[in-house]
Amino acid sequence: MSSTTSVRPESIGFGGEANPYALYARLRAQAPVSHMSLPDGGEFWLVTRFADAKDALTDPRLSKDPNKVGPQWRATVAQPTDGEDASLVRHLLNVDPPDHTRLRRLVHKGFTPRRIESLRTRIQEITDGLLDGMARQEGPVDLLEQFAFRLPVTVICELLGVPLDDVDRIHDWSTALSTLVADAEGHARVADASLQLGSYLAELIERKAVEPGEDLISALIAARDDDQRLSHAELTAMAFLILVGGHETTVHLIANGMLALMRHPDQMALLLNDPSLITGAIEEALRYEGSVEVATWRFAAEQIDIGGVVVPQGAPVLISLASSSRDPERFKDPDTFDITRGDSAHLVFGQGLHYCLGAPLARMEGQIAIGSLVRRFPGIRLATSPESLRWRQGLLIRGLFELPVHLS
C-alpha cells in the first residue's frame, strides 16, 4: 500500500494561494491520496490524481450523505449546528440513491436542454447591458464585481424568480457560506448567513406556492413524478443549491477565464482572430483554472482502497478537481494554457450520478460572457500585477476577490 502524508490546509491552496499547483504536483508524485488536517482539527483524505479522482467520483462506496459519517469525523463536516439552518443541507449534493434519484428526476424538469437554450437571448441582453455600463466608466474597472458577478447572479435570480433587488444580500450570504473559517467569529458569520438565507428562501417559496410565476421555484413546487413532490425542506435546500452553486461557480469561471486570457496574450489573440474558438477557450479555462478546487464532501461507507491507500470507514474524502486537471498522466503539458487543446474530458463538473445539472448553463454563460467581452474590448488588460491579486480562502471555490482591468 502507498503511504499517506499529513499536510496543513494552508499548504495546499485552502488559504488563498495564487499558485497551489506546485504542491499538487508533489502530492500526485509522492502521496496521491493524502491524509490532511484542517485548522479546527478535522481530518480528511485528499485525492489528487486524475485516474483516482475519476474512479472516486463514481464509486458508490463513497457516500454523499453526511449522516453516514463516523462520529470521529463529525468536526470536519459542514453539518448544521444549533445556530445554523438544517433545511439547507438535504439537497442533491448531500444524498445518495434512492433519494438522490428521486430529487434529481424532479429537479431535472427545470433544467431541460430546451429550457436552458431558451435563456440564450436573455443572457446576451444582460451581457450587452453590463458591457455598455462599463464602457461609460473612466479608468480601471473591477471586472469581477461589475461583470463576472453581475451576469450570473442576474441570470440565476431571474431563472429562480428571486427579486433582483435582493442580489447584494444574496452575494454577501453566499460569500460567507463559501469562505473557509477557522475561528469562532468566522463560524458565527457562517451560522448567521445560513439562518438568514434559509429564512429568506423559505419565505420566498411560501409566496410562490400561493402566487406561482413563470420561474424555476414555481416549477419545482409544481413538479411531480408518480405523485411524488419535493417537500418544503427539499425545496428550500434545492433553491439554496441552485442559487448559490448556480452563480458562485460561474462568477469565477468568467473571472478566472479572463485572467488566464489576459496573462496569455497569444491565446487572447487566437480568440480575437477566430471567435469560434470560444467553446475550446471555456473548456480550457475550466481545466486550467477552474472555479471549483475540490468536489464536495464524500464519506467512506466502508473501508476502501483508493489509489493503493486504505481509507477507513466513515472517513471524509475530498477529490481535487484542480489537481486532476493538471495531471500530466492525463493531459499533455498540463500547465500550459492552450485554447486549441481540443481535449475537454476534464472532471470539473463531476462524473456519474452527481454530474452537475447546471453545466450546460454555466458553459453557455461563460461562452457568451467571455466571447462578448473580448469582442467589445479587444485591448482589455490587467490594471495590476498578477502577483498582487488576492485569492479567496476556501475548500471549494477557486476565485479572486477582485479583478481590476483596463478595458482598452
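Note that the structure is a prediction, hence the values are computed from the model and not measured. (Residues numbered from 1 in each chain as written. Predicted model: local features only at pLDDT ≥ 70, side-chain atom pairs only at ≥ 80, totals over all residues. Heavy atoms only, no water.)

S.K.: Residues and numbers for the nonpolar core, please.
M.R.: Of all hydrophobic cores here, the largest spans 92 residues; its most connected members are Met258, Ile380 and Leu403. With 17 residues, helix H11 (residues 232-263) is the single largest residue contributor to this core. With residues up to four places along the chain from it excluded, the contact list for Ile380 reads Leu143, Met258, Met262, Met268, Leu373, Val405, His406 and Leu407. Membership of the second largest hydrophobic core comes to 21 residues, among which are Leu62, Ile304, Leu321 and Phe331. (Core = buried A, V, L, I, M, F, W, Y, C linked by side-chain atoms within 4.5 Å. Buried < 20%, exposed > 50% of the residue type's maximum accessible area, 1.4 Å probe, protein only. Helix = DSSP H or I, 4+ residues; strand = E, 2+ residues; numbered from the N terminus. Contact = heavy atoms within 4.5 Å.)

S.K.: An account of the confidence of the model for the protein chain is needed here, citing residue identities and associated values.
M.R.: Predicted coordinates in regions of low pLDDT should not be interpreted in detail. With 87% of its residues at a pLDDT of at least 70, the protein chain reaches an overall mean of 87. Here residues 78-85 scores under 50 on pLDDT; set against residues more than four positions off or in separate chains, the count is 19 contacts. (pLDDT = per-residue confidence, 0-100.)

S.K.: Give a description of the packing of aromatic side chains that names residues and reports values.
M.R.: In this structure the tally under the stated criterion is 6 aromatic pairs. Between Phe44 and Trp297, the ring centres sit 5.8 Å apart and the planes meet at 85 degrees, which makes this aromatic pair edge-to-face. With a gap of 253 residues between them, Phe44 in strand E3 (residues 43-47) and Trp297 in the loop between helix H13 (278-289) and strand E6 (298-300) connect regions that are remote in the sequence. For the residue pair Phe44 and Trp297, the accessibility class agrees, reading buried in each case. Considering the side-chain rings of Tyr288 and Phe337, the 5.2 Å spacing of their centres and the 55 degrees angle between planes classify their relative orientation as tilted. Here the residue Tyr288 occupies a position in helix H13, and Phe337 occupies one in the loop between helix H14 (321-324) and helix H15 (359-376), the gap between them amounting to 49 residues. An identical accessibility class is assigned to Tyr288 and Phe337; each is buried. Above the plane of the ring of Phe331 lies Arg287, whose end atom (NZ or CZ) is 5.4 Å from the centre. Positioned over the ring face of Tyr288 is Arg326, at 4.2 Å from the centre of the ring. (Phe/Tyr/Trp six-rings, centres within 6.5 Å; stacked < 30°, edge-to-face > 60°. Lys NZ or Arg CZ within 6 Å of the ring centre and 35° of its normal.)

S.K.: Which residues make up unusual backbone geometry, and what are the values?
M.R.: Of the consecutive residues Pro97 and Pro98, the connecting peptide bond is found in the cis state with omega at 10 degrees. Note on placement: Pro98 falls in the loop between strand E4 (62-63) and helix H3 (99-108). At Asp333, a position not held by glycine, the phi torsion is positive, near 45 degrees. Counting through the fold element by element, Asp333 comes out in the loop between H14 and H15.

S.K.: Help me get a handle on the pattern of salt bridges, residues and values and all.
M.R.: A side chain with one charge can pair with a side chain of the opposite charge if their charged atoms come near. Counting across every chain of the model gives 18 salt bridges. Arg102 is paired through a salt bridge with Glu234; the nearest N and O atoms lie 2.4 Å apart. Taken together, the residues Arg102 in helix H3 and Glu234 in helix H11 connect sequence positions 132 residues apart. Side by side, Arg102 and Glu234 carry an identical accessibility label, which is buried. For Asp168, the salt bridge is made with Arg150, and the minimal N-O distance between the two is 3.0 Å. Of the two residues, Asp168 sits in helix H8 (residues 167-177) while Arg150 sits in helix H7 (residues 150-160), which places them 18 residues apart along the sequence. By relative accessible area, Asp168 is classed as partly exposed at 45%. Residue Arg150 is classed as partly exposed on the basis of its relative accessible area of 24%. Through salt bridges with shared partners, a single ionic network connects Arg122, Glu125 and Glu158. (Salt bridge = Lys/Arg side-chain N within 4 Å of Asp/Glu carboxyl O.)

S.K.: Please provide a residue-by-residue account of the environment of Leu106, values included.
M.R.: Within the element layout of this structure, Leu106 appears in helix H3. The class of Leu106 is buried, set by a relative accessible area of 0%. Along the backbone, Leu106 and Gln228 are 122 residues apart, and their C-alpha atoms lie at a distance of 8.6 Å.

S.K.: Run through the packing of H11 against helix H12 (residues 265-273), naming residues and quoting values.
M.R.: Packing of H11 against H12 brings their axes to within 5 Å, and their N-to-C directions diverge by 105 degrees. When the axes of H11 and H12 are compared, the pair comes out roughly perpendicular. Between H11 and H12, the residues in contact are Met258, Leu261, Met262 and Arg263 and Pro265, Gln267, Met268 and Leu271, respectively. Of the residues belonging to the contact of H11 with H12, the class tally is 6 nonpolar, 1 polar and 1 charged. (Axes fitted to C-alpha atoms, helices over the stretch in contact; angles between N-to-C directions. Parallel < 35°, antiparallel > 145°, perpendicular 65-115°, else oblique. Nonpolar A, V, L, I, M, F, W, Y, C, P; charged D, E, K, R; others polar.)

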